[in-house]
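# Chains, contacts and geometry: an overview
One letter stands for each residue in the lines below.
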Amino acid sequence: MVNSKPVNYLRQLPAVDEIMRSPELQKILEQNPRNLVVNTIRQVLEKKRRNILAGQEKPASQKELKEKIIAEVLVQVEKHNIPGLRRVINATGVVIHTNLGRALLSKSALQAVGMVASGYSNLELNLDTGKRGSRYAPLEDLLVELTGAEAALVVNNNASAVLLALGTLARNKEVIVSRGQLVEIGGSFRIPDVMGQSGARLVEVGTTNKTYPDDYRRAVNENTALLLNVHTSNYRIVGFTRETSVKELVEVGKEKGIPVMSDLGSGSLVDLRDLGLPYEPTVKETVAAGADIVTFSGDKLLGGPQAGIIVGKRNFIEKMKKNPLTRAIRIDKFTVAALEATLREYRDPSSALANIPTLRMLAATLKDLYPRAKKLLDMLNELSLPHVEFNLVETVSRVGGGALPTAELPSCTVEIIPKNMEVSELASRLRKGNPAVIGRIQDDRLLLDIRTVQENEDEQLFKAIAKILRDAG
Ligand SMILES: *Cc1c(COP(=O)(O)O)cnc(C)c1O
């Protein structure tokens, strides 16, 4: 019986109990909490009711309606079981991709995290004395060793490191910074806003493209607490430019008796030229140039867990440790474990290059990437799909994470040109697949950059693409 009046139609909606009793639901009732199933049925029924009242639901027989509801309940329960945070294959070619979780941990870091996650640890217990210890101690020793700084502290992320440093050293005082360095890093992290939050007053000097040591010199007065250098991270000013180097800033600082801080953003502990990248001062070089405080991220070029690392002169670090804010932005044991293991890799730079995924991906050459891309291409071509074309193309991948924005890493991509759907539709289906695959759209093509695909993901990547393209055929 088909009844097209909304109110009559509403009466055809089955009761929750009736759906619960249907044979199709027995399996999911065994595998899921009863409450979850009941709530899902209620939600589906409620949605149907609203659709009917809004005239959006086409009239159907009572049997058809019930079948539709059951099918929808099965889909929704299944959806509830997919974790919100899940594995993604990064085929964008952007190595430090903030939206995809930035750095992947080395094997040793993973082991360390597993160790503290599954057992108790001496996180804040000194095993020699039996007294309370510091969670920062193992990290501080390594950071001092690797950067040549006097002391170190690690907090939640680099944004909080900057906040803590400014709040401790320059609260209600002035901080001098170049106009060319008032950057927005992403996710609305703006240097001027962070300075405001810390209680420090910002004094801008110079112009967008040129700032000389004399600009800082002239701005110094009795309220000046800090000279700040900020790595411009995600952009470069090219052409007619002049930046004041950390070294020059240190000279001004010495002259005037004012400390110098450098926010490196993506601080590196190795010479990036060893990875075939352009030169950038390392953390050690910045410390050696005389900066009193240096801050950088744990999960950018360093390739470790999310963290904000602060190294520098002991008296300043000690002051920061005593700031109550430090307790609010402290790192957890997983970070301590992963960061310690990551830093240990840096004791031997060749081991760091071999074992830290971020460095390994950055260092990969065309010669490394080509065979993998070619294999994927061949496998895709063997599918003999008439509605899609595959090509191997050389492109460039990016470092990402606001590091070296202009650096181009020659890379190998497999290009997919679908002929029976929009490329954005293909990208969307791949994104929603399992595992999710994220590529890069360029001129009506989908590019899959092999550099950021992990070697053990090659097979999964092929299967995910094959499934979606076959389903679309
Ligand atoms: C990325 C970046 C930050 C923020 O670091 P997070 O670890 O993401 O909090 C701060 N300053 C600079 C210069 C950066 O590049």
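Data block above holds the structure.
Quick look at the structure, then. (Residues numbered from 1 in each chain as written. Predicted model: local features only at pLDDT ≥ 70, side-chain atom pairs only at ≥ 80, totals over all residues. Heavy atoms only, no water.)

### Looking at the side chain of Thr282
Locating Thr282 in the fold gives a position in the loop between β7 (260-265) and α12 (283-288). Look at Thr282 and you get buried, because its relative accessible area is 9%. In this structure Thr282 touches Ser268, Val270 and Asp271, once residues within four positions along its chain are discounted. (Helix = DSSP H or I, 4+ residues; strand = E, 2+ residues; numbered from the N terminus. Buried < 20%, exposed > 50% of the residue type's maximum accessible area, 1.4 Å probe, protein only. Contact = heavy atoms within 4.5 Å.)

### Focus: the site of the ligand
Near the ligand, the surroundings consist of 12 residues, among which Ala159, Ser233, Asp263, Ser297 and Lys300 are the closest. Taking Arg102, its side chain carries an N or O atom lying 2.9 Å from an oxygen atom of the ligand. Against a free-state accessible area of 380 Å², the protein chains account for coverage of 94% of the ligand. Among the elements of the structure, α8 (158-170) and β7 are those that each provide at least two residues to the shell around the ligand. Residue classes in the shell around the ligand are distributed as 3 nonpolar, 6 polar and 3 charged. (Near = heavy atom within 4 Å. Polar contact = N/O pair within 3.5 Å; in protein donor to acceptor, adjacent residues only side chain to side chain. Areas by Shrake-Rupley, 256 points an atom, 1.4 Å probe, with all protein chains shown as cover. Nonpolar A, V, L, I, M, F, W, Y, C, P; charged D, E, K, R; others polar.)

### Quick word on the pattern of salt bridges
Under the counting rule described, the total for this entry stands at 28 salt bridges. One salt bridge in this structure joins Glu124 and Arg132, with 2.6 Å as the shortest N-O distance. Between Asp458 and Arg372 there is a salt bridge; the shortest N-O distance is 2.9 Å. Taken together, the residues span a long stretch of sequence, with Asp458 in helix α20 (residues 458-472) and Arg372 in helix α18 (residues 366-381) at a distance of 86 residues. A single salt-bridge network, built from bridges that share partners, covers Glu46, Arg49 and Arg50. (Salt bridge = Lys/Arg side-chain N within 4 Å of Asp/Glu carboxyl O.)

### Quick notes on the sheet that holds strand β2 (residues 94-96)
The 5 strands lie next to each other as β2-β10-β11-β14-β13, forming an open sheet whose pairing is mixed. With one partner strand each, in any of the chains shown, β2 and β13 (440-442) form the two edges of the open sheet. In this sheet, neighbouring strand axes are inclined to one another by 40° on average, regardless of whether the strands run parallel or antiparallel. In this structure, β2 lies alongside strand β10 (residues 388-400), joined through 2 bridges in parallel fashion. Each residue of the ladder has a partner; that of Val94, found in β10, is Arg398. The sheet strands contacting helix α19 (residues 423-432) are β11 (409-418), β13 and β14 (445-449), and the helix crosses β14 at an angle near 40°. (Pairing = 2+ DSSP bridges. Axes fitted to C-alpha atoms, helices over the stretch in contact; angles between N-to-C directions.)

### Brief notes about helix α4 (residues 34-53)
Spanning 20 residues, α4 covers 29 Å between terminal C-alpha atoms, matching the ideal 28 Å at 1.5 Å per step. Looking at α4, one finds that the buried residues are Val37, Val38, Thr40, Ile41, Val44, Leu45, Lys48 and Ile52. Down the axis of α4, the smallest arc covering the buried residues is 160°, so these residues share one side. Those residues of α4 that are exposed and angled more than 90 degrees off the buried face are Asn35 and Leu53. Remark: Gly55 follows α4 within two positions and exhibits a positive phi of approximately 70°. (Expected span 1.5 Å × (residues − 1). Arc of directions from axis to C-beta.)

### Some details on the nonpolar core
Leu277, Ile310, Val311, Met320, Leu343, Tyr346 and Val399 are the most contacted members of the largest nonpolar core, which has 84 residues in total. Residue contributions to this core peak at 8 residues, all from α8. Beyond its immediate stretch of four places on either side in the chain, Val311 contacts Leu143, Thr147, Ala149, Ala151, Ala152, Val283, Val287, Asp292, Ile293, Val294, Phe296 and Ile317. Ranked by size, the runner-up nonpolar core spans 33 residues in total, among them Ala373, Leu430, Ile465 and Leu469. (Core = buried A, V, L, I, M, F, W, Y, C linked by side-chain atoms within 4.5 Å.)

### Quick word on the pairing of β11
In terms of residue burial, β11 counts as a mostly covered element, since 9 of its 10 residues are buried. Pairing geometry for β10 and β11, over 10 bridges, is antiparallel. Directly across from Thr395, in β11, lies its bridge partner Ser411. Strand direction decides the pairing type here: β11 and β14, joined by 4 bridges, are antiparallel. The partner of Val414 across the bridge, within β14, is Leu448.

### Here's the deal with the environment of Pro213
Tracing the backbone shows Pro213 in helix α10 (residues 213-219). Along the backbone, Pro213 and Leu249 are 36 residues apart, and their C-alpha atoms lie at a distance of 6.5 Å.

### Some details on the sheet that holds strand β9 (residues 308-312)
Strand pairing within a sheet occurs via backbone hydrogen bonds; the two strands may be parallel or antiparallel. Spatially, 7 strands are ordered β3-β9-β8-β7-β6-β4-β5 in an open sheet, and the strand pairing comes out mixed. A single partner strand is all that each edge strand has here, and the edge strands are β3 (151-155) and β5 (201-205). Between one strand axis and the next, the sheet turns through 25° on average, direction left out of account. In the sheet, strand β4 (residues 174-178) pairs with strand β6 (residues 224-230) via 4 bridges, with the strands oriented parallel. Bridging across to β6, Glu174 finds its partner in Thr224. Where helix α11 (residues 246-256) meets the sheet, it contacts β6 and β7, and its direction lies at approximately 170° from that of β6.

### Considerations on the pairing of β9
With 5 of its 5 residues buried, β9 lies for the most part within the structure. Alternating positions in β9 separate into two faces, Gly308, Ile310 and Gly312 on one and Ile309 and Val311 on the other, with burial throughout. Two elements, strand β8 (residues 293-297) and β9, share 5 bridges in a ladder whose sense is antiparallel. Along β9, the bridge assignment pairs Thr295 with Ile310.

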